[in-house]
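Single-letter residue listing:
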Amino acid sequence: MVVLGGGPSGLACAAELAEREVSVVLLEKRETLGGRVQDLSCKGFVHCRQCDVCRVHRLRSQVLSSELISVHTLVELEQVERNNGRYRFDLVRPKEAIDVGRCSRCGKCTEACPTGAMTKVAGRIRLNRNACRSIHGLECERCVSVCPTGSIDLFGEEHLSVNGSAVVVATGSLEFPASKDKRLGYGEVPGVITSMELESFLEGRRDADIGNGKEVAFILCVGSRSSGMGTEKCSSVCCKYSLRQALALKERFPKLSITMFMMDWRGLSSDDELLRELATTDVQVVRSRPAEVLAEGGRPSVRYASGNDIICQNFDSVILSVGLVPDLEDDTLSQLAIPRDPWGDLQDDNCSDRGIFLAGSCRGSKDIGHCVADGILVAQQVMKHLEADHE
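What counts as what
Residues numbered from 1 in each chain as written. Predicted model: local features only at pLDDT ≥ 70, side-chain atom pairs only at ≥ 80, totals over all residues. Heavy atoms only, no water. Helix = DSSP H or I, 4+ residues; strand = E, 2+ residues; numbered from the N terminus. Rg over C-alpha atoms; globule rule 2.2 N^0.38 Å. Buried < 20%, exposed > 50% of the residue type's maximum accessible area, 1.4 Å probe, protein only. Contact = heavy atoms within 4.5 Å. Areas by Shrake-Rupley, 256 points an atom, 1.4 Å probe, with all protein chains shown as cover. Lys, Arg positive; Asp, Glu negative; His and termini not counted. Charge placed at Lys NZ, Arg CZ, Asp CG, Glu CD. Pairing = 2+ DSSP bridges. Axes fitted to C-alpha atoms, helices over the stretch in contact; angles between N-to-C directions. Parallel < 35°, antiparallel > 145°, perpendicular 65-115°, else oblique. Left-handed = near helix turned anticlockwise from the far one by under 90°. Nonpolar A, V, L, I, M, F, W, Y, C, P; charged D, E, K, R; others polar. Salt bridge = Lys/Arg side-chain N within 4 Å of Asp/Glu carboxyl O.

**Some remarks on the overall build of the protein chain**
Thinking step 1. Assigned secondary structure in the protein chain consists of nine helices and 20 strands.
Thinking step 2. In terms of overall size, the protein chain behaves like a compact globule, its C-alpha atoms giving a radius of gyration of 23 Å where 391 residues would be expected to give roughly 21 Å.
Thinking step 3. Counting only C-alpha atoms and orienting by the principal axes, one finds that the protein chain spans roughly 65 × 60 × 40 Å.
Thinking step 4. Looking at the protein chain as a whole, 49% of its 391 residues qualify as buried.
Thinking step 5. Of the contacts formed within the protein chain by residues at least 6 apart in sequence, a portion of 67% connects residues at least 24 apart.
Thinking step 6. When the accessible surface of the protein chain is summed, it comes to about 18,900 Å², and 45% of that surface belongs to carbon and sulfur atoms.
Thinking step 7. Taking the average location of the 47 positive side-chain charges in the protein chain and that of its 55 negative ones, the two points are 3 Å from each other.

**Overview of the sheet that holds strand 14 (residues 284-287)**
Sheet strands pair by backbone hydrogen bonding; their relative direction is either parallel or antiparallel.
Thinking step 1. Spatially, the five strands line up as an open sheet ordered 11-18-12-13-14, and their pairing is parallel. Both outer strands of the open sheet, strand 11 (192-194) and strand 14, are each paired with one neighbouring strand and no more. Put simply, the sheet's adjacent strands are angled 25° from each other on average, direction ignored.
Thinking step 2. Relative to strand 18 (residues 317-322), strand 12 (residues 215-222) is paired through five bridges, and the arrangement is parallel. Considered in strand 18, the bridge of Ile219 is made with Leu320.
Thinking step 3. Sheet contacts for helix 5 (residues 195-202): strand 11, strand 12 and strand 18; angle to strand 11, the most-contacted strand, approximately 90°.

**Let's talk about the packing of helix 1 (residues 8-19) against helix 2 (residues 53-65)**
Thinking step 1. Here helix 1 crosses helix 2 at 45°, and the two axes come no closer than 9 Å. With respect to each other, helix 1 and helix 2 are oriented oblique. Judged by the sense of rotation from one axis to the other, the crossing of helix 1 with helix 2 is left-handed. Residues Pro8, Leu11, Ala12, Ala14, Ala15 and Glu19 of helix 1 touch helix 2, and the partners they reach there are Val56, Leu59, Arg60, Gln62 and Val63.
Thinking step 2. Of the residues in the contact of helix 1 with helix 2, the class split is eight nonpolar, one polar and two charged.

**Here we look at unusual backbone geometry**
Thinking step 1. Look at Asp52: it is not a glycine, yet its phi comes out positive at around 75°.
Thinking step 2. For Asp52, the position within the fold is in the loop between strand 2 (24-28) and helix 2.
Thinking step 3. Since its relative accessible area comes to 22%, Asp52 is described here as partly exposed.
Thinking step 4. Residues other than glycine seldom take positive phi values, yet Asn350 does so here, at roughly 65°.
Thinking step 5. Tracing the chain through its elements places Asn350 in the loop between helix 8 (331-335) and strand 20 (356-358).

**Overview of the pattern of salt bridges**
Thinking step 1. In total, this model carries 23 salt bridges according to the counting rule given.
Thinking step 2. For Lys43, the salt bridge identified is with Glu199, shortest N-O distance 3.1 Å. Of this pair, Lys43 sits in the loop between strand 2 and helix 2 while Glu199 sits in helix 5, and the two are 156 residues apart along the sequence.
Thinking step 3. One salt bridge connects Arg49 with Glu251, and the closest N-O pair in it is separated by 3.0 Å. Taken together, the residues Arg49 in the loop between strand 2 and helix 2 and Glu251 in helix 6 (residues 238-252) connect sequence positions 202 residues apart.
Thinking step 4. Looking at Arg49, the relative accessible area reads 6%, which means it is buried.
Thinking step 5. In this structure Glu251 comes out as partly exposed when scored by relative accessible area, which is 23%.

**Focus on the pairing of strand 16 (residues 299-306)**
Thinking step 1. Relative to strand 16, strand 15 (residues 292-296) is paired through five bridges, and the arrangement is antiparallel. Pairing of Val293 across the sheet is with Val302, part of strand 16.
Thinking step 2. As defined by bridge partners, strand 16 adjoins strand 17 (residues 309-314) across six bridges and the pair is classed as antiparallel. Across the sheet, Arg303 pairs through a bridge with Cys312, a residue of strand 17.

In structure tokens, the structure reads:
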């Protein structure tokens, strides 16, 4: 059994199958499991807001500790074949950059590395691939040049093949690139950040002009519900995560002024707990889709319509709540010949007859909780498929 994707759906599906004594191979193209969740912060500083981030961390621990689940990260697909009802995936992945058998642990590479990508932990040299200049196409390789034993190879590859009688596709979706909507000033107007960058701020990994006495705006539906930009569909996740972010900010900075620009609340009932909590705060909600964000006096200014008036309102920071869009360039999906709907989301279309099952936001954007539930449901469908093959 092969699961493609180590995000919430893939983890939940793999864990459920292992609980049912099915051996699973989990393939993930990123360095670590968790998908987009590994970049998200907990929104419950004082009380839980059910963002489900911690739930995925627990699933990841469960998967990594299971003897029935083999995990391969940083893999790229070279070829997929199906013979006699079984799939074979030919993969390539980076080799360990440091040959521990040859490494003298002298530490010269850590001293030469300009970004701190090379570190010495418990006497062993380790490479953080995300921080390595050479791996990201920049000229460097200082560690290679100073290594006295020639034990560093930053670009080595190894090939492997995995097999399975069924495949679960849980490859997720992508965040809409905010820079595509030029009207909203991302990358050009100071103080304009994305909702994912706000997550980094909440985690303490980056700075932002946000705090008590400051003024912040959220612009929802960026890249969603638009015929000219991103997708015409509602992403169904922006409202909830933006509310959680706004409430988390208000909890941390009680004197922070927050304005939320929205079209309407989607995926929320009128008595939703998040909306009830919002009603207890002084967060301003404006039902308007801003036309543009301009730079004015070194600050972002939001231009929007209110009735018959056009208003320009200045803020210290503007947060673009980006929606989710399908990954149209995933080679694995094209090799598996999975059809797409008019918006680019994957369609089942009797894929299960070929032993292919779809889970999570690859077939339409979903929040974390729904992705986990979908992964568990698909595991049950896979079990029926496997049992039918053995009859």
